[in-house]
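The chain contents come next:
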Amino acid sequence: MPLAKRIIPCLDVTSGRVVKGVNFVGLRDAGDPVEIARRYNEQGADELTFLDITASSDDRDLILHIIEAVAEQVFIPLTVGGGVRRVEDVRRLLNAGADKVSINTSAITNPQLVADCAAKFGSQAIVVAIDAKAVTPENDRWEVFTHGGRNPTGLDAVAWAQRMQALGAGEILLTSMDRDGTKIGFNLPLTRAVSDAVNIPVIASGGVGNLQHLVDGVREGHADAVLAASIFHFGEFTVGQAKALMQQNGIEVRL
Amino acid sequence: MMTALHAKPVIAVVDYGMGNLHSVVKALELVAEGHAVVQLTRDPDVVQRADKVVFPGQGAMKDCMGELNASGLKQAVLAAAQSKPFFGVCVGAQLLLDHSEEGDTPALGFYAGEVKRFPDGQRDAEGQRLKVPHMGWNTVHQTRAHPLFAGIEDGARFYFVHSYYMQPADPALTLGQTDYPFAFSAIIGRDNVFATQFHPEKSHTAGLALLRSFVAWDGQS
């Protein structure tokens with residue numbers, strides 16, 4: 001039996017709490033990160049991703065304590081992203097118990113950081129997060145954006161993913177920025193274009209509103225893993241339900 | 001007061017500066033349930049005195065081998081692999097072979113064999129592209145009976161993340177196999193040695209079951 005496609009619940013964390021908003025506004029409190037991580041682990045999540053969206057630098061270290069606490073109880077891979085700027089940031093997160101660290105804006109402002117971290121910690125520990133959206137009405141060309149989709153970078157998303165692979169990224173976390181929080185599903189042409197263009201795994205993210213969207217991300221988007229937040233946080237669906245539907249659609253999952 | 005005679009067994013987790021060992025230690029502590037002491041150590045004497053040894057490793061092979069040589073732990077690790085219950089994980093398993101294609105690195109040579117890179121551009125039976133690193137949950141077929149497989153079903157899934165795979169010269173060393181798409185050695189070992197390409201400390205129930213059996217294992221297979 002082949003490698004399973006992964007389902008990855010994502011926890012957006014600010015000041016020690018899990019929150020969820022639409023396009024980064026209107027944040028709703030979704031609970032305690034350690035408790036939520038345990039629940040997803042029990043539901044059969046294949047990995048967990050923590051995105052630290054804490055604005056204040058005073059509260060930055062909170063994420064380290066959260067990861068330490070989660071890593072003591074939850075024995076599946078943990079990825080952490082948000083505000084990673086230096087090799088030292090990556091080291092601290094890995095030492096706290098993260099298995100992978102996701103680099104987003106800093107990969108754009110300082111691509112060498114990706115190469116340095118991959119050389120230091122191994123490609124398997126370095127995820128590059130790419131926020132992209134369509135820049136043509138035909139949805140056939142996509143640009144990398146920063147700051148929640150507000151700032152264009154001029155970088156082509158597919159070429160950028162290939163460059164990140166060449167610098168040593170071990171995985172791409174691809175967010176359909178124009179879909180984030182909309183619940184209308186992944187941008188599938190974007191996901192497929194990136195996943196087919198690189199040889200490293202691609203995690204699809206952004207826009208998941210129902211379980212069929214996860215199936216589509218794998219089947220149509222060629223994603224190696226699918227990430228979702230709100231459909232799991234508010235108890236709409238469990239990870240187990242997501243896996244059952246994927247299995248019905250002939251997708252290999254870990255049950 | 002506890003005397004040396006009644007001291008709990010010590011499981012040394014070898015720390016040669018390669019990566020996050022937090023999860024390995026926490027997982028062992030969880031399954032040991034207080035019946036063994038889990039000691040993260042850089043000290044060759046501690047490794048030598050320990051009752052059992054866990055040899056992890058992640059990152060680049062060349063760096064792992066370099067750190068192992070520089071730290072003075074190499075002899076202690078080899079002696080442990082010869083004499084006591086020994087659990088290698090990921091690069092810690094790969095290091096037991098002769099040589100790795102990753103950085104053309106000579107390894108410990110405890111077993112004859114090569115560590116090779118997965119070729120790019122492979123496809124599975126359905127024509128789906130197989131990415132490298134091989135990352136995620138894959139099934140492990142138990143090719144030989146082993147006490148550490150107690151309670152784990154044949155074909156259980158474990159968490160892998162690696163671009164290089166083990167190819168021992170003696171096929172009898174393979175205890176478990178995984179397909180990607182060809183069969184490679186997911187577990188190697190003999191007698192007191194058990195070494196996995198996957199990460200038991202990240203493999204939830206099945207991984208913890210394996211570590212629990214290791215804590216109780218006398219090294220006979």
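What counts and what doesn't
Residues numbered from 1 in each chain as written. Chains lettered and ligands numbered in written order. Predicted model: local features only at pLDDT ≥ 70, side-chain atom pairs only at ≥ 80, totals over all residues. Heavy atoms only, no water. Helix = DSSP H or I, 4+ residues; strand = E, 2+ residues; numbered from the N terminus. Rg over C-alpha atoms; globule rule 2.2 N^0.38 Å. Buried < 20%, exposed > 50% of the residue type's maximum accessible area, 1.4 Å probe, protein only. Contact = heavy atoms within 4.5 Å. Areas by Shrake-Rupley, 256 points an atom, 1.4 Å probe, with all protein chains shown as cover. Lys, Arg positive; Asp, Glu negative; His and termini not counted. Charge placed at Lys NZ, Arg CZ, Asp CG, Glu CD. Buried area = accessible area lost by both parts, 1.4 Å probe. Salt bridge = Lys/Arg side-chain N within 4 Å of Asp/Glu carboxyl O. Polar contact = N/O pair within 3.5 Å; in protein donor to acceptor, adjacent residues only side chain to side chain. Axes fitted to C-alpha atoms, helices over the stretch in contact; angles between N-to-C directions. Left-handed = near helix turned anticlockwise from the far one by under 90°. Nonpolar A, V, L, I, M, F, W, Y, C, P; charged D, E, K, R; others polar. pLDDT = per-residue confidence, 0-100. Parallel < 35°, antiparallel > 145°, perpendicular 65-115°, else oblique.

Q: Whenever I open this one, the overall build of chain B confuses me. Can you help?
A: Scanning chain B from N- to C-terminus turns up six helices and 14 strands. Whereas a compact globule of 221 residues would reach a radius of gyration of roughly 17 Å, chain B reaches 17 Å, a difference of no more than 12%. Its C-alpha atoms give chain B principal-axis dimensions of about 65 × 40 × 30 Å. Per-residue burial over chain B gives 59% buried out of 221 residues. Expressed as a percentage of contacts within chain B between residues at least 6 apart in sequence, the contacts between residues at least 24 apart total 70%. As displayed, chain B offers around 8,700 Å² of accessible surface, 50% of which is attributable to carbon and sulfur atoms. Each charge class in chain B can be summarised by its mean position, and for the 18 positive and 23 negative side chains these summaries are 3 Å apart.

Q: Teacher, can you tell me more about the overall build of chain A here?
A: Secondary structure summary: chain A contains 10 helices and 12 strands in total. Projecting the C-alpha coordinates of chain A onto the three principal axes gives extents of approximately 45 × 40 × 40 Å. Of all 255 residues assigned to chain A, the portion counted as buried reaches 58%. Within chain A, contacts between residues separated by at least 24 positions form 65% of all contacts whose residues are at least 6 apart in sequence. Approximately 9,400 Å² of chain A is accessible, and the part contributed by carbon and sulfur atoms is 48%. Considering chain A, the positive charge centre built from 24 side chains and the negative charge centre built from 31 side chains are found 0 Å apart.

Q: Mind showing me how you'd approach the environment of B:Gly88 here?
A: Residues and elements named next belong to chain B. Following the sequence through the fold, Gly88 ends up in strand E4 (residues 86-89). For the pair Gly88 and Lys26, spaced 62 residues apart in the sequence, the C-alpha separation amounts to 16 Å. For Gly88, the residues in contact, after removing those within four places along its chain, are Phe55, Ala93, Phe194, Ala195 and Thr196.

Q: Is there a simple way to explain the interface of chain A and chain B in this structure?
A: A common way to report how large an interface is uses the accessible area buried once the components associate. The partner chain B presents 32 residues to the 42 residues of chain A that form the contact. Among the residues chain A hides against chain B, the three largest losses belong to A:Leu3, A:Phe75 and A:Asn199. Together they make up 28% of the total. Between the two partners, chain A and chain B, sit four salt bridges. Here A:Asp99 makes a salt bridge to B:Lys202, at a shortest N to O gap of 2.8 Å. Linking chain A with chain B are 19 residue pairs in polar contact (both at pLDDT 80 or more), by the criterion used here. The set of elements that each furnish at least two residues to the side of chain A that touches chain B consists of helix H2 (62-71), helix H3 (87-96), helix H5 (112-121) and helix H7 (188-197) of chain A.

Q: Would you take a moment to explain the packing of helix H1 (residues 33-43) of chain A against H2(A) for this structure?
A: Between two packed helices, the angle of one axis relative to the other and the distance separating the axes together describe the packing. All names here are of chain A. The N-to-C vectors of H1 and H2 enclose an angle of 35 degrees; their axes lie 9 Å apart at closest approach. Crossing of H1 over H2 shows right-handed handedness. Of the residues in H2, those touching H1 at Pro33, Val34 and Ala37 are Ile66, Ala69 and Val70. Here the contact of H1 with H2 is built from residues that sort into six nonpolar, no polar and no charged.

Q: Can you walk me through the confidence of the model for chain B in this structure?
A: Detailed reading of the predicted model is not advised wherever pLDDT is low. With 97% of its residues at a pLDDT of 70 or more, chain B shows a mean pLDDT of 94. With a pTM of 0.95, the predicted complex shows an ipTM of 0.94.

Q: Would you mind showing me how to read helix H1 (residues 22-32) of chain B here?
A: Each α-helix winds once per 3.6 residues, and so residues spaced three or four apart point in a common direction. Most of H1(B) is tucked away, with eight of its 11 residues classed as buried. Looking only at H1(B), the buried set comprises B:His22, B:Ser23, B:Val24, B:Val25, B:Ala27, B:Leu28, B:Val31 and B:Ala32. Buried residues belonging to H1(B) abut H2 and H3 of chain A together with strand E1 (10-14), strand E2 (37-41), strand E3 (52-55) and helix H6 (204-216) of chain B. Immediately downstream of H1(B), the backbone of B:Glu33 shows phi near 45 degrees, a positive value.

Q: What am I meant to see in the pattern of salt bridges here?
A: Pairs can form between side chains of opposite charge whenever their charged atoms are close. Taken as a whole and assessed by the stated rule, the structure comprises 19 salt bridges over all chains. Among the salt bridges present, the one from A:Glu47 reaches A:Arg6, with a minimum N-O distance of 2.5 Å. Here A:Glu47, found in the loop between H1 and strand E4 (48-52), pairs with A:Arg6, found in strand E1 (residues 6-14); they are 41 residues apart in sequence, far enough to count as distant. Accessibility expressed as a relative area gives 0% for A:Glu47, which makes it buried. Here B:Arg190 makes a salt bridge to B:Asp170, at a shortest N to O gap of 2.6 Å. Linking B:Arg190 in strand E13 (residues 183-190) with B:Asp170 in the loop between strand E11 (164-168) and strand E12 (174-179), this pair joins segments that are 20 residues apart in sequence.

Q: Can you help me understand H5(A) in this one?
A: Residue and element names in this part refer to chain A. Within the span of H5, buried status applies to Leu113, Val114, Ala115, Cys117, Ala118 and Phe121. Buried positions along H5 lie against H3, strand E6 (100-103), helix H4 (105-109), strand E7 (126-134) and helix H6 (157-167). Taken from the residues just after H5, Gly122 is the one with a positive phi, measuring 95 degrees.

Q: How do you make sense of the packing of H1(B) against H6(B) when you look at a structure like this?
A: Residue and element names in this part refer to chain B. Close contact between H1 and H6 brings their axes to 9 Å; oriented N to C, the two are set at 65 degrees. With respect to their mutual orientation, H1 and H6 come out roughly perpendicular. Between H1 and H6 the crossing geometry is right-handed. Between H1, through Ala27, Leu28, Leu30, Val31 and Ala32, and H6, the contact on the second element is made entirely by Leu208, Leu211, Arg212 and Val215. In terms of residue class, the contact of H1 with H6 is made up of eight nonpolar, no polar and one charged.

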